[in-house]
Amino acid sequence: AQKITQTQPGMFVQEKEAVTLDCTYDTSDPSYGLFWYKQPSSGEMIFLIYQGSYDQQNATEGRYSLNFQKARKSANLVISASQLGDSAMYFCAMRGGSSNTGKLIFGQGTTLQVKP
Amino acid sequence: EAGVTQFPSHSVIEKGQTVTLRCDPISGHDNLYWYRRVMGKEIKFLLHFVKESKQDESGMPNNRFLAERTGGTYSTLKVQPAELEDSGVYFCASSQDRTYEQYFGPGTRLTVT
């Protein structure tokens, strides 16, 4: 069965520093996709970054990068130069392989607080 | 371009009543998904439409939940009769293709008392 694990319920980071949010996954499908979403206190889910299982390079989107270690089955999100507006809950999610309809499986989430 | 919209933003109903949630996906997105987050738990998949067809409804909890997508445009999720454990936030998401990123709506917070 496919599973996503986020072991950090809460994290603190000082403004302007970098922070890594952990995500490990479990799947037997050779083809899959990994996503990170941000949920601020307002409640909406904001797509941040995507990594395909066959992508050779780690995905980057502005201050967000995904540290993809396939052998370890980890897909950690790195936020560089943290800003106060980064305070939110962050969800790691996985989409399964070719037999999958596209549904996402989510982790439990990590609450990030950026300190001024 | 308008994002995914959901209505209502918040609904409070009594146990045994019926509630209908609505989702309007991004225009042109054939794929529409419903998810639910019960307090303190993970976001769970409910079902997936491709246009008006149900592609995957493996996450629907029971037959008190009925989802429709008329004409492949907006979708409704009806809960009848509602139970206390149905309380949570119901998210709708849409995508152009099942392999693409999904764009989420703001969610509907359902409280069953």
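Rules and cut-offs
- Residues numbered from 1 in each chain as written.
- Chains lettered and ligands numbered in written order.
- Predicted model: local features only at pLDDT ≥ 70, side-chain atom pairs only at ≥ 80, totals over all residues.
- Heavy atoms only, no water.
- Salt bridge = Lys/Arg side-chain N within 4 Å of Asp/Glu carboxyl O.
- Buried < 20%, exposed > 50% of the residue type's maximum accessible area, 1.4 Å probe, protein only.
- Disulfide = S-S within 2.5 Å.
- Helix = DSSP H or I, 4+ residues; strand = E, 2+ residues; numbered from the N terminus.
- Contact = heavy atoms within 4.5 Å.
- Buried area = accessible area lost by both parts, 1.4 Å probe.
- Polar contact = N/O pair within 3.5 Å; in protein donor to acceptor, adjacent residues only side chain to side chain.

Draft legend 1. How the structure looks around the pattern of salt bridges. Residues and elements named next belong to chain B. Going through the model one piece at a time under the given rule, you end up with six salt bridges over all chains. Between Asp24 and Arg22 there is a salt bridge whose closest N-O contact spans 2.7 Å. The exposure class assigned to Arg22 is partly exposed, which follows from its relative accessible area of 32%. A single salt-bridge network, built from bridges that share partners, covers Arg36, Arg64 and Asp86.

Draft legend 2. Layout of the state of the cysteines. Residues and elements named next belong to chain A. Throughout the structure, instances matching the rule amount to two disulfides over all chains. Across the disulfide from Cys23 sits Cys92; the S-S distance is 2.0 Å. For the disulfide bridge between Cys23 and Cys92, the dihedral angle about the S-S bond is near -65°, and by the sign convention the bridge is left-handed. With a gap of 69 residues between them, Cys23 in the loop between strand S3 (19-21) and strand S4 (24-26) and Cys92 in strand S10 (residues 88-95) connect regions that are remote in the sequence.

Draft legend 3. Expanded view of the interface of chain B and chain A. Facing the 19 residues of chain B at the interface are 20 residues of chain A. In total, about 1,600 Å² of surface goes out of reach between chain B and chain A, with carbon and sulfur atoms giving 57% of it. It is Ile43(B), Arg98(B) and Phe104(B) that lose the most area in chain B upon contact with chain A, and together they represent 33% of the buried surface on that side. Where chain B meets chain A, there are zero salt bridges. There are four residue pairs in polar contact (both at pLDDT 80 or more) connecting chain B and chain A. Of all the secondary structure elements, the ones that give two or more residues to the side of chain B that touches chain A are strand S4 (31-37), strand S5 (43-50) and strand S6 (53-56) of chain B.

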